[in-house]
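Residue-level listing of the chains:
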Amino acid sequence: MRILVETVNETQEIAAKLAKNVKAGDTILLSGDLGAGKTTFTQGFAKALGIKRPVKSPTFTLVREYQTTQFPLYHLDVYRLGEEGNAEDLGLSEYFGGEGVALVEWSQYIKPDLPDDVLKIVFERVPNYDTKRVITLTASGDKSVALLSEMEK
Ligand SMILES: Nc1ncnc2c1ncn2[C@@H]1O[C@H](COP(=O)(O)OP(=O)(O)OP(=O)(O)O)[C@@H](O)[C@H]1O
Ligand SMILES: [Mg+2]
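Residues numbered from 1 in each chain as written. Chains lettered and ligands numbered in written order. Predicted model: local features only at pLDDT ≥ 70, side-chain atom pairs only at ≥ 80, totals over all residues. Heavy atoms only, no water.

### Comments concerning the site of ligand 1
Surrounding ligand 1, one finds 17 residues, the nearest of these being Thr11, Lys38, Thr39, Thr40 and Thr131. Within the backbone of Gly37, a nitrogen or oxygen atom sits 2.9 Å from an oxygen atom of ligand 1. The backbone of Thr39 places a nitrogen or oxygen atom 2.8 Å from an oxygen atom of ligand 1. In the complex, the protein chains occlude 73% of the 650 Å² of accessible area that ligand 1 would expose alone. The cavity that encloses ligand 1 is the largest pocket. Mapped onto the shell around ligand 1, the elements with two or more residues apiece are α1 (8–21), α2 (38–48) and β7 (129–139). (Near = heavy atom within 4 Å. Polar contact = N/O pair within 3.5 Å; in protein donor to acceptor, adjacent residues only side chain to side chain. Areas by Shrake-Rupley, 256 points an atom, 1.4 Å probe, with all protein chains shown as cover. 1 Å grid on protein atoms, 1.4 Å probe; cavity = no way out; pocket = protein on both sides within 12 Å on 5 of 7 lines; lining within 4 Å. Sits in = over half its atoms within 2 Å of the grid points. Helix = DSSP H or I, 4+ residues; strand = E, 2+ residues; numbered from the N terminus.)

This is the structure:
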């Protein structure tokens, strides 16, 4: 599924729609360059779940946890692992496929920890348009296929 958005608001509306349809155990990977919109998307997602605390990327920790009425939301940003190179045995897999919902920025650095069933969302800037983004969603298993089909409605 591919969507062209023109504003921050539209990005956050997509995030809100996804948030309304996620279930405990869902894992969402957010990909794209620096400044593409991954954290902005996460903020819209969290807001739609009623999270009042400001959502900012974890830096010194790799994960921030937020409570919702339905499940814990885990926001992982593992960007700094890329610079450090080796990212094995971090125990991050406990965040995936369990009772919570996980959103992961820079997931390419923790590939061995990731489950097979993920909804992958890629953010791409559109040249010459500051606020336009192409958002591409791809599912890779039963749970993510179900989630994506809800999004398509
Ligand atoms: N349509 C849009 N969707 C998302 N962000 C947008 C959009 N238009 C402009 N922006 C701006 O682009 C920036 C995106 O920053 P954000 O922190 O979300 O990126 P990121 O992908 O998380 O980057 P990083 O890899 O550094 O964590 C913000 O300043 C946001 O206001
Ligand atoms: Mg970010």
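### Regarding the coordination of the magnesium ion (ligand 2)
Within the protein, Thr39 (OG1) and Glu105 (OE) serve as the donor atoms for the magnesium ion (ligand 2), at 2.0 to 2.2 Å. Remark: Glu105 occurs in strand β5 (residues 101–105) and Thr39 occurs in helix α2; sequence separation between them is 66 residues. (Donors = N, O, S within 2.8 Å, 3.2 Å for Na, K, Ca; no water.)

### Some remarks on the layout of surface pockets
Gaps left between atoms show up when a probe the size of a water molecule is rolled over them. Its volume calculated, the largest pocket comes out at about 280 Å³. As for the largest pocket, its lining consists of 20 residues, of which Gly35, Ala36, Gly37, Lys38 and Thr39 are closest to the centre. Of all the secondary-structure elements, those providing two or more residues to the lining of the largest pocket are α1, α2, α3 (79–84) and β7. Within the lining of the largest pocket, the residues separate by chemical class into six nonpolar, eight polar and six charged. (Points joined across faces, edges and corners; volume = space filled by probe spheres on them. Nonpolar A, V, L, I, M, F, W, Y, C, P; charged D, E, K, R; others polar.)

### With respect to the sheet that holds strand β1 (residues 2–5)
On the basis of which strands lie adjacent, the open sheet formed by seven strands has the order β1-β7-β6-β2-β5-β4-β3 and mixed pairing. Of all strands in the sheet, those bounded by a partner on one side alone are β1 and β3 (63–67). This sheet shows a mean twist of 20 degrees between the axes of neighbouring strands, independent of strand direction. One ladder, built from four bridges, connects strand β2 (residues 27–31) with β5; its direction is parallel. Considered in β5, the bridge of Ile28 is made with Leu103. Here α1 sits on the sheet in contact with β1, β2, β6 (119–126) and β7, set at roughly 140 degrees to β1. Helix α4 (residues 142–151) rests against β6 and β7 of the sheet, and its axis sits at about 130 degrees to β7. (Pairing = 2+ DSSP bridges. Axes fitted to C-alpha atoms, helices over the stretch in contact; angles between N-to-C directions. Contact = heavy atoms within 4.5 Å.)

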